[in-house]
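One letter stands for each residue in the lines below.
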Amino acid sequence: VQLQASGGGLVQAGGSLRLSCAASGRTFSNFYMAWFRQAPGKEREFVAGISRSGGSTPYADSVKGRFTISRDNAKNTVHLQMNSLKPEDTAVYYCAARTTVVIDTTTPQSYNYWGQGTQVTVSS
């Protein structure tokens, strides 16, 4: 599957952005989807995930209550609505996909497919 992330940009603290990830090439509903982010000099970290049906949506503690992940299987897209953004949210955001069942859904090694990343910059 090919993943194309978009929607990043520059926003002031307290603002909002909506990221999108468009998938193509395989049956989208077969994939567990997730968003990760990577700040300069830091490891890639899990932000949010969503199950195939959308019924399970785990979040990193740092974004709970501010970010919302959703998916539209008919349109082969997954979104990340980011509200109340903070400077520490600044990073390149990546969408990721996997078909396998894994023990740890928050580790990058669990994912087979990655998008190219979109930059999110939050100014103070």
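On a predicted model such as this, the values are computed, not experimentally measured, just so you know. (Residues numbered from 1 in each chain as written. Predicted model: local features only at pLDDT ≥ 70, side-chain atom pairs only at ≥ 80, totals over all residues. Heavy atoms only, no water.)

A.B. asks: Explain the packing of aromatic side chains to me, please; I cannot follow it from the model alone.
C.D. replies: We describe a pair of aromatic rings using the distance from one ring centre to the other and the angle between the two ring planes. Throughout the structure, instances matching the rule amount to 7 aromatic pairs. With centroids separated by 5.6 Å and ring planes inclined at 80°, the aromatic side chains of Phe-31 and Tyr-113 adopt a geometry described as edge-to-face. One end of the pair, Phe-31, is in the loop between strand S3 (17-24) and strand S4 (32-38); the other, Tyr-113, is in strand S9 (residues 113-114), and 82 residues separate them in sequence. With a relative accessible area of 1%, Phe-31 lands in the buried category. Under the relative-accessibility criterion, Tyr-113 is labelled partly exposed at 23%. Pairing Tyr-32 with Tyr-111 gives two aromatic rings, centres 6.4 Å apart and planes at 50°, and the pair type is tilted. Here Tyr-32 is found in strand S4, whereas its partner Tyr-111 is found in the loop between strand S8 (91-98) and S9, with 79 residues between them in sequence. Accessibility assignment for this pair places Tyr-32 and Tyr-111 in one class, buried. (Phe/Tyr/Trp six-rings, centres within 6.5 Å; stacked < 30°, edge-to-face > 60°. Helix = DSSP H or I, 4+ residues; strand = E, 2+ residues; numbered from the N terminus. Buried < 20%, exposed > 50% of the residue type's maximum accessible area, 1.4 Å probe, protein only.)

A.B. asks: Looking at this model, I keep getting lost on the environment of Trp-114. Mind explaining?
C.D. replies: Position of Trp-114 among the secondary structure elements: in strand S9. On the basis of relative accessible area, Trp-114 is assigned to the partly exposed category, the value being 28%. Along the primary structure Trp-114 and Val-1 are separated by 113 residues, whereas in three dimensions their C-alpha atoms are 8.9 Å apart. When near neighbours in sequence (up to four residues on either side) are disregarded, Trp-114 contacts Leu-3, Phe-36, Arg-44, Tyr-94, Cys-95, Ala-96 and Pro-108. (Contact = heavy atoms within 4.5 Å.)

A.B. asks: I keep staring at the sheet that holds S3 and nothing clicks. Help me out?
C.D. replies: Hydrogen bonds along the backbone pair up the strands of a sheet, which may run parallel or antiparallel. Ordered by their spatial adjacency, 4 strands build an open sheet running S1-S3-S7-S6, and the pairing between neighbours is antiparallel. Each having just a single partner strand, strand S1 (2-6) and strand S6 (67-72) make up the two edges of the open sheet. On average, each strand axis in the sheet is tilted by 15° relative to the strand beside it, whichever way the strands run. Relative to strand S7 (residues 77-82), S3 is paired through 6 bridges, and the arrangement is antiparallel. Residue pairing in the sheet places Ser-20 in a bridge with His-79 of S7. (Pairing = 2+ DSSP bridges. Axes fitted to C-alpha atoms, helices over the stretch in contact; angles between N-to-C directions.)

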